[in-house]
Amino acid sequence: MRYYVRKIGFYLVALWAAVTLNFFIPRMMPGNPVDILMAKLQQRGGTVDPSVRRSYELLLGADHSDSLAQQYISYLGNLLHGDFGVSVSSYPAKVSDVIGQSLPWTIVLIGMATLISFVLGLLLGTLAGWKRGSWLDSIIPGTTVLSAVPYFWLALILAAVLSSTLHWFPLLGGYDVSLAMGWNWPFISSAVYHGILPALTIVISSVGGWLLGMRNMMVSTAAEDYILTARAKGLRSSRIMIRYAARNAALPSVAGFATSLGFVVSGSVMTEQVFSYPGIGGRLLQAVENNDYALMQGIFLVITVAVLGANLLVDLLYGLIDPRTRASN
């Protein structure tokens, strides 16, 4: 129990630090969201007077008449109520609404693709490490090279070959725009069909690292004394591989799985841009291009919370998989 309490306490402190940094960093950046919105109004022929500016400052949270401590307390209170502010690039939509529309697409795309690459890499790595010298060893150099290829470059290659040339998959979008969004089979099947190519990009780029890491750990674990003892007892080879070798060899990969989610999200920004996929990556790029600090702030916070939550879950599961971890804490 002490192990779990310490872990939860650590991640609560990490969450508070992330929230605090998310408050201060936009205030240290140059520019003002109110100035950007005023410029847009003037381009459309609107008139700007001090009362209008004051109203937008209050609306966008850019009112600096309060002290920094008061702004921080107000910021925390708004977060507890799910209020991330108003998006300048999608004005007058709220940041929470913008994220809510895009986040499910990224969760499904990245979540499923990352899980598939992780499980596939562990399975292939287990077999390659247990049966050294088999045909699986010959695919490791190729998958390792692909894991070093940038997401956007691989996405462009796949789009050119599988979409533009062979016409197997659609090139752009997350679904057929002629369909109404909803929980119906035509829309769901269209969304799955449009998501195959972006997901394939992530799987191909990620599986090599998991495969190589698991293979090397299996080779090292296979030489341990308890594996030799299990062989001497006459246990089945498949049981030794799964129950003894793979269970221990997978621990470093399980620990690194949640950490990798943050890097996959950052890589998905360009992948979603290549395929015009309606995910959170495209929204983040839109926010950066338009200096939409409120939207950037909300997206960064959602990504941070997601990665921290995934790491906490993996740490708790790690304690269940390896009891030695709990004993040492």
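Thresholds, definitions, all that
- Residues numbered from 1 in each chain as written.
- Predicted model: local features only at pLDDT ≥ 70, side-chain atom pairs only at ≥ 80, totals over all residues.
- Heavy atoms only, no water.
- Helix = DSSP H or I, 4+ residues; strand = E, 2+ residues; numbered from the N terminus.
- Buried < 20%, exposed > 50% of the residue type's maximum accessible area, 1.4 Å probe, protein only.
- Areas by Shrake-Rupley, 256 points an atom, 1.4 Å probe, with all protein chains shown as cover.
- Phe/Tyr/Trp six-rings, centres within 6.5 Å; stacked < 30°, edge-to-face > 60°.
- 1 Å grid on protein atoms, 1.4 Å probe; cavity = no way out; pocket = protein on both sides within 12 Å on 5 of 7 lines; lining within 4 Å.
- Points joined across faces, edges and corners; volume = space filled by probe spheres on them.
- Nonpolar A, V, L, I, M, F, W, Y, C, P; charged D, E, K, R; others polar.
- Contact = heavy atoms within 4.5 Å.
- pLDDT = per-residue confidence, 0-100.
- Patch = residues over 30% accessible without salt bridge, like charges linked within 9 Å, V, L, I, M, F, W, Y side chains within 5 Å.
- Salt bridge = Lys/Arg side-chain N within 4 Å of Asp/Glu carboxyl O.
- Lys, Arg positive; Asp, Glu negative; His and termini not counted.
- Charge placed at Lys NZ, Arg CZ, Asp CG, Glu CD.
- Core = buried A, V, L, I, M, F, W, Y, C linked by side-chain atoms within 4.5 Å.
- Axes fitted to C-alpha atoms, helices over the stretch in contact; angles between N-to-C directions.
- Parallel < 35°, antiparallel > 145°, perpendicular 65-115°, else oblique.

Visitor: So what exactly am I meant to see when it comes to the overall build of the chain here?
Guide: A count of helices and strands for the chain gives 14 helices and zero strands. Starting at the N terminus, the α and β elements of the chain follow one another as α-α-α-α-α-α-α-α-α-α-α-α-α-α. In the chain, which comprises 329 residues, the proportion classed as buried is 41%. About 18,000 Å² of surface is accessible on the chain, with carbon and sulfur atoms providing 67% of the total.

Visitor: How should I be thinking about the packing of aromatic side chains in this particular structure?
Guide: Tallying each qualifying case throughout the model produces eleven aromatic pairs. Taken together, a centroid distance of 5.1 Å and an interplanar angle of 65° make the contact between Tyr175 and Phe187 edge-to-face. Separated by twelve residues along the polypeptide, Tyr175 in the loop between helix 7 (151-165) and helix 8 (185-222) and Phe187 in helix 8 bring together distant segments of the chain. Phe187 sits in the buried class, given a relative accessible area of 9%. Ring pairing ties together the aromatic residues Phe23, Phe24, Tyr72 and Tyr75, which thus form one cluster.

Visitor: Just to check I follow, could you spell out the layout of surface pockets for this structure?
Guide: In this approach the atoms are scanned with a rolling probe the size of a water molecule, which exposes any empty space left behind. Estimated volume of the second largest pocket: approximately 610 Å³. Surrounding the second largest pocket, 21 residues form its lining, Trp105, Val108, Ala191, Val192 and Tyr277 being those nearest its centre. Those elements that place two or more of their residues in the lining of the second largest pocket are helix 5 (95-130) and helix 8. The element contributing the most residues to the lining of the second largest pocket is helix 8, with nine residues. When the residues that make up the lining of the second largest pocket are grouped by side-chain class, the tally is 18 nonpolar, three polar and no charged.

Visitor: When you look at the environment of Ala246 in this model, what are you seeing that I'm missing?
Guide: Take Ala246: it is sitting in helix 10 (residues 237-249). Overall, Ala246 belongs to the buried group, its relative accessible area being 13%. Setting aside chain neighbours within four positions, we find Ala246 in contact with Thr126, Met214, Met218 and Met241.

Visitor: When you look at the confidence of the model for the chain in this model, what are you seeing that I'm missing?
Guide: The predicted coordinates should not be examined in detail at positions where pLDDT is low. Mean pLDDT over the chain works out to 79, with 81% of the residues at or above the 70 mark. Across the chain, helix 8 holds the top mean pLDDT of 86, while helix 14 (residues 323-327) sits lowest at 60.

Visitor: Sorry, what's going on with a positive patch on the surface here?
Guide: A grouping of Arg236, Arg239, Arg243 and Arg247 is seen on the molecular surface, where their side chains present a positively charged patch. As for its position among the elements, Arg247 is in helix 10.

Visitor: What exactly am I supposed to notice about the environment of Ala93 here?
Guide: Relative to the helices and strands, Ala93 resides in the loop between helix 4 (68-80) and helix 5. Residue class for Ala93 comes out partly exposed when judged on its relative accessible area of 26%. Sequence-distant contacts of Ala93, that is, excluding residues within four places in its chain, are made with Val86, Ser87 and Val98.

Visitor: Mind showing me how you'd approach the nonpolar core here?
Guide: One recurring pattern in soluble globular proteins: nonpolar side chains tend to sit buried together. Formed by 18 residues in total, the largest nonpolar core has its most connected members in Phe118, Leu122, Trp130, Met214 and Met218. Broken down by secondary-structure element, the contributors of at least two residues to this core are helix 5, helix 8, helix 9 (225-232), helix 10 and helix 11 (251-274). The biggest single contributor to this core is helix 10, with five residues. The contacts of Phe118, once residues within four sequence positions are left out, are Trp210, Ser253, Val254 and Phe257. Val95, Val98, Ile280 and Ala287 belong to the second largest nonpolar core, which has 14 residues in total.

Visitor: Please clarify how the packing of helix 5 against helix 12 (residues 280-289) should be interpreted in this entry.
Guide: How two helices sit against one another is set out by the angle between their axes and by the gap between those axes. Between helix 5 and helix 12, the shortest axis-to-axis distance is 7 Å and the interhelical angle comes to 135°. Considering their axes alone, helix 5 and helix 12 lie oblique with respect to each other. On the side of helix 5, the interface is formed by Val98, Ile99, Gln101, Ser102, Leu103 and Thr106, while helix 12 contributes Ile280, Gly281 and Arg283. Of the residues belonging to the contact of helix 5 with helix 12, the class tally is four nonpolar, four polar and one charged.

Visitor: What am I meant to see in unusual backbone geometry here?
Guide: When glycine is set aside, most residues are seen to have a negative phi, and most peptide bonds are trans. The phi angle at His167 is positive, at roughly 60°, despite the residue not being glycine. Note that His167 resides in the loop between helix 7 and helix 8.

Visitor: Please explain the environment of Val307 as it appears in this structure.
Guide: Structurally, the position occupied by Val307 is in helix 13 (residues 293-321). Its relative accessible area of 18% is what places Val307 among the buried residues. Sequence spacing of Val307 and Ser260 is 47 residues, and the spatial spacing of their C-alpha atoms is 8.7 Å.

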